Amino acid sequence: MSLESLKAHDSTWEIIAAEIPKYKPKFDDIPSAPLHSLDTLWFQVGGTICNLWCTHCFISCSPKNHKFGFMPREEVMKHLEESKEIGVKEYYFTGGEPFMNRDMLGILEDTLAIGPATVLTNGILIPERVAKRLKAISENSIYSLEIRVSIDGFTEETNDKIRGEGSFRKAMAGVKNLVENGFLPIITVAQTWEDSETERIFNGFKKTLTEVGYNRPRIKMIPPLRIGREKVRSHGYDKYEYITKEMMVDYDDHLLQCTTGRMVTDKGVYVCPILIDSPEAKVSDTLAESFEPYPLKHQACYTCYISGAICHNFSASEN
Amino acid sequence: MQKLAYKKIAVFGGVYNNYLALEALVKDAKNRGVEKLYCLGDLGAFGPNPDKVFPILLENNIEVVQGNYDNSIGNDLSDCQCGYTDPQDNYFAQISYDYTFANTSAEFKSYQKRLPKKIRIELGGKQVLLCHGSPRQTNEFLWESATPNHFLEKLFQNHESDIILTTHTGIHWQRQLSDDKLFANIGVIGRPENDGETHVWYALLTENGNIGIEFIPLEYDSKNLASEMKEENLPQEFIDTVLTGWWTTCLEILPVKERVRGKY
Ligand code: SF4
Ligand code: SF4
Ligand SMILES: [Fe+2]
């Protein structure tokens, strides 16, 4: 499906949600994932609002998608306070585009005062001024501030086909500003190629990044989640691609984000960062109530199962 | 629970087959009046000739916590359970592991299998919990820049103690918390700390009314270790680390603050 035809729809998700799955596993064959401990706390701080319109976006973010809104600083603060009691280990911020949220720098300041933070961004809204502010926030803290910039091709042509015209140039400018301010941004690449291409693409990224002065680039490749717009772009899941109880025997369930994390949005707490488009994935209003085990009934769970904790900074990549 | 009458103990981690550093440590600690030595695990990896470590442990009555490496070697597992996630990191980790596994005697393997996951001691009225990665997970990484105070306080609640000591990451640090709790990652003696210095680190705990932790830089014959690694055909990347003090592999797991301080 082309970008143009995608744009014609207000929310691709609604079309997909209307599709009835051809197959559902038997109810009693669905395994449940316990929350072992709440180590990783996610914030959908940018809602589903984004200045890009990527063809593979698994929650169909766009300038027009206001399903989830920006989270104000005070609201994040409230959850940060609660997270201290729980003993959370690290904080992740995503969207949409987090830097479209005007409170973002303040939110990072609050977070870095109590623990390490990671921001998932498309890199476009990081002019020198913002990079300098980020540097100051980072230097003021004993904790790490990680910036993860999504870029999906190492050339303008390949990237912009997925992420939209001009996005490559702008994101690379953001990367350059970050590097010049002492950051080592983690370049996150959604794999839209065959496995045999991975090495060539990895080396291509290395070269491109070195050219803007990023001499020891950190590059993370992640498998695409075949939901949201990506379901339309490539293909959805096959009917048998579910997790069954049998599959969980001898499986280290720590690899699933939902066993050690939760996602806070402006609409309540969700089981993980992947499923916020699914109303059933809302588990509670407060963190304290979000500890119930969660049934792994979604097909996206299958990607988690196969690929490991794909959302985490230090998690398995596929090559 | 062992009630210790000791006044001064030394705690170290991550031997990584570096028997030369271990020999140097035994000597250095004795010179400082240390009465007892504790090791927080990961006897193998990285360096040459794993079996050379074994007699030193026995002769000096060193008590050892089981690290992820020791658990793997002792139980014939196929990898080190280091918890790396980058393919390149895993490639190098596997080279060390296969080498160490192939060169560890059956006797040393069964010793490693039987090691305890935690050791609790009492020192000067304080409960000290010795473990490998964290009290809750052997291969958990606790880096200074990625470990919040409130997270540590929770660990103290769940694993009752006054002092918790860990290793596994390879870089030492300590933090004083509220309620007089003290946490420390005591570093490793197997390889330098990614700061351009060839020495390695261990910790001294001294009882003098309260308990203080002092980190001790330890020099050893790194040139000799490097040439032995060469003889054993271990990767040049590892040898470079021993000779320069900069990490060359297994870097993707570092949080940005720790990574930025290094060279690669
Ligand atoms: S993939 Fe990221 S940058 Fe692209 S539309 Fe979605 S949220 Fe925005
Ligand atoms: S999508 Fe992944 S993280 Fe979310 S509930 Fe399913 S398995 Fe858990
Ligand atoms: Fe370890």
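Residues numbered from 1 in each chain as written. Chains lettered and ligands numbered in written order. Predicted model: local features only at pLDDT ≥ 70, side-chain atom pairs only at ≥ 80, totals over all residues. Heavy atoms only, no water.

J.: Talk me through the overall build of chain B; I want residue IDs and the actual numbers.
T.: Looking only at helices and strands, chain B has 9 helices and 11 strands in total. Taking 2.2 N^0.38 as the reference for a compact globule, 264 residues should give roughly 18 Å; the C-alpha atoms of chain B span a radius of gyration of 17 Å, in line with that estimate. With the principal axes as the frame, chain B shows a C-alpha extent of 50 × 40 × 35 Å. For chain B, long-range pairs separated by at least 24 residues make up 70% of all intrachain contacts whose partners lie at least 6 apart in sequence. Accessible area of chain B: about 10000 Å², with a carbon and sulfur share of 46%. If you average the places of the 26 positive and of the 36 negative side-chain charges in chain B, the two averages end up 4 Å apart. (Helix = DSSP H or I, 4+ residues; strand = E, 2+ residues; numbered from the N terminus. Rg over C-alpha atoms; globule rule 2.2 N^0.38 Å. Contact = heavy atoms within 4.5 Å. Areas by Shrake-Rupley, 256 points an atom, 1.4 Å probe, with all protein chains shown as cover. Lys, Arg positive; Asp, Glu negative; His and termini not counted. Charge placed at Lys NZ, Arg CZ, Asp CG, Glu CD.)

J.: Quick rundown of the site of ligand 2? Include the residues and the values.
T.: Surrounding ligand 2, one finds Gln257, Cys258, Cys272, Leu275, Tyr294, Leu296, Cys301 and Cys304 of chain A. Among the residues making up the shell around ligand 2, the classes are represented as 7 nonpolar, 1 polar and no charged. (Near = heavy atom within 4 Å. Nonpolar A, V, L, I, M, F, W, Y, C, P; charged D, E, K, R; others polar.)

J.: Could you give an account of the packing of aromatic side chains, with specific residues and numbers?
T.: Residue and element names in this part refer to chain B. Counting across every chain of the model gives 16 aromatic pairs over all chains. Taken together, a centroid distance of 5.9 Å and an interplanar angle of 35° make the contact between Phe108 and Tyr111 tilted. Here Phe108 and its partner Tyr111 are both found in helix α5 (residues 106–113), 3 residues apart, which amounts to about one turn of the helix. Classification of Tyr111 as buried rests on a relative accessible area of 14%. (Phe/Tyr/Trp six-rings, centres within 6.5 Å; stacked < 30°, edge-to-face > 60°. Buried < 20%, exposed > 50% of the residue type's maximum accessible area, 1.4 Å probe, protein only.)

J.: Tell me about the site of ligand 1, residues and numbers included.
T.: Around ligand 1 sit Cys50, Leu52, Cys54, His56, Cys57, Cys61, Gly96, Asn122 and Arg163 of chain A, and that is every residue in its neighbourhood. Split into classes, the residues belonging to the shell around ligand 1 amount to 5 nonpolar, 3 polar and 1 charged.

J.: A description of unusual backbone geometry should follow, citing residues and the corresponding values.
T.: Residue and element names in this part refer to chain B. The phi dihedral of Asn61 is positive, around 55°, even though this residue is not glycine. Relative to the elements of secondary structure, Asn61 occurs in the loop between α2 (53–59) and β4 (63–64). On the accessibility criterion, Asn61 (58% relative accessible area) is exposed. Here the phi dihedral of Asp76 falls at roughly 55°; this positive angle occurs in a residue that is not glycine. Within the secondary structure, Asp76 sits in the loop between α3 (68–74) and α4 (87–102). Take Asp76: its relative accessible area is 55%, and that puts it in the exposed class.

J.: Residue-level account of the coordination of the iron ion (ligand 3), with values.
T.: Of the protein atoms, only Asp42 of chain B (OD), Asn68 of chain B (OD1), His132 of chain B (NE2) and His168 of chain B (ND1) coordinate the iron ion (ligand 3), at distances of 2.0 to 2.2 Å. Around the iron ion (ligand 3), the 4 donor atoms are arranged such that angles at the metal cover 83 to 153°; this shape is classified as irregular. (Donors = N, O, S within 2.8 Å, 3.2 Å for Na, K, Ca; no water. Tetrahedral: all angles 85-135°; square planar, octahedral: opposite > 155°, others 65-115°.)

J.: Give a description of the sheet that holds strand β6 (residues 186–190) of chain A that names residues and reports values.
T.: Residues and elements named next belong to chain A. Read from one edge to the other, the open sheet built from 9 strands follows the order β7-β6-β5-β4-β3-β2-β8-β9-β10, with strand pairing classed as mixed. Each edge of the sheet is formed by a strand with only one pairing partner; in this case those strands are β7 (218–222) and β10 (282–284). The sheet shows a mean angle of 30° between the axes of neighbouring strands, taken without regard to direction. One ladder, built from 3 bridges, connects strand β3 (residues 90–94) with strand β4 (residues 117–121); its direction is parallel. Note on β4: the bridge partner recorded for Tyr91 is Ala117. (Pairing = 2+ DSSP bridges. Axes fitted to C-alpha atoms, helices over the stretch in contact; angles between N-to-C directions.)

J.: Could you give an account of the state of the cysteines, naming the residues involved and the relevant values?
T.: Applying the stated criterion to the full structure yields 1 disulfide over all chains. Free cysteine: Cys131 of chain B, not disulfide-bonded; nearest cysteine sulfur from Cys39 of chain B at 13 Å. (Disulfide = S-S within 2.5 Å.)

J.: How would you explain the side chain of Asp110 of chain A if you had to name every residue and give the values?
T.: Residues and elements named next belong to chain A. Along the chain, the position of Asp110 falls in helix α4 (residues 104–112). A polar atom in the side chain of Asp110 sits 2.9 Å from the side chain of Arg73. In this structure, Asp110 is in contact with Arg73, Met77 and Leu80, ignoring residues within four places of it in sequence. (Polar contact = N/O pair within 3.5 Å; in protein donor to acceptor, adjacent residues only side chain to side chain.)

J.: Before we move on, can you summarise the pattern of salt bridges with the specific residues and values?
T.: Per the counting criterion, the structure on display carries 23 salt bridges over all chains. Across the pair Glu140 of chain B and Lys89 of chain A runs a salt bridge whose closest N-O atoms are separated by 2.7 Å. Placement of the pair is Glu140 of chain B in the loop between β6 (126–130) and α6 (149–158) and Lys89 of chain A in the loop between α3 (73–86) and β3, with the two residues belonging to separate chains. Like Glu140 of chain B, the residue Lys89 of chain A is buried in the burial classification. In this structure, the salt-bridge partner of Asp285 of chain A is Lys282 of chain A, at a minimum N-O distance of 3.0 Å. (Salt bridge = Lys/Arg side-chain N within 4 Å of Asp/Glu carboxyl O.)

J.: If you had to explain the interface of chain B and chain A to someone new, which residues and values would you point to?
T.: Listed by partner, the interface residues are 28 residues for chain B and 30 residues for chain A. Carbon and sulfur atoms make up 48% of the area that chain B and chain A hide from each other, which totals about 2200 Å². Considering only the surface of chain B that becomes buried against chain A, His150, Val256 and Lys257 of chain B emerge as the three largest contributors, covering 27% of it. Along the contact surface separating chain B from chain A lie 2 salt bridges. For the pair chain B and chain A, the number of links is 20 residue pairs in polar contact (both at pLDDT 80 or more). Sort the elements by how many residues they give to the side of chain B that touches chain A and helix α9 (residues 256–261) of chain B lands first, with 5 residues. For the side of chain B that touches chain A, the class distribution of residues is 12 nonpolar, 6 polar and 10 charged. (Buried area = accessible area lost by both parts, 1.4 Å probe.)

J.: Tell me about the side chain of Lys36 of chain B, residues and numbers included.
T.: All names here are of chain B. Structurally, Lys36 is set in strand β3 (residues 36–39). Side-chain polar atoms of Lys36 contact the backbone oxygen of Asn61, separated by 3.0 Å. The residues touching Lys36, leaving out its near neighbours within four places in the chain, are Tyr6, Lys8, Ile9, Ala10, Asn61 and Glu63.

J.: Would you mind going over the confidence of the model for chain A in detail, with residue names and values included?
T.: Residues and elements named next belong to chain A. Summary statistics for chain A give a mean pLDDT of 88 and a share of 88% for residues scoring 70 or more. Of the regions scoring below 50 in pLDDT, residues 1–22 engages in 25 contacts with residues more than four places distant in sequence or in other chains. Low pLDDT, under 50, characterises residues 315–319; the predicted model gives this stretch 15 contacts beyond four residues in sequence or across chains. (pLDDT = per-residue confidence, 0-100.)

J.: Just give me the short version of α4 of chain A, but keep the residues and values in it.
T.: Residues and elements named next belong to chain A. By the criterion of burial, α4 is predominantly enclosed, with 8 of the 9 residues buried. Regarding α4, the residues found buried are Met104, Leu105, Gly106, Ile107, Leu108, Asp110, Thr111 and Leu112. Next to the buried residues of α4 lie α3, β3, β4, α5 (128–139) and β5 (145–150).

J.: Account for the pairing of strand β8 (residues 173–176) of chain B, with residues named and values stated.
T.: Residues and elements named next belong to chain B. With burial as the criterion, only one face of β8 is covered, namely that bearing Trp173 and Arg175; the residues Gln174 and Gln176 on the opposite face remain uncovered. Across 4 bridges, β8 lies against strand β9 (residues 182–185) in antiparallel orientation. Each residue of the ladder has a partner; that of Gln176, found in β9, is Leu182. Here β8 folds back onto β9 in antiparallel fashion, the turn holding 5 residues, of which Asp179 has a positive phi close to 60°.

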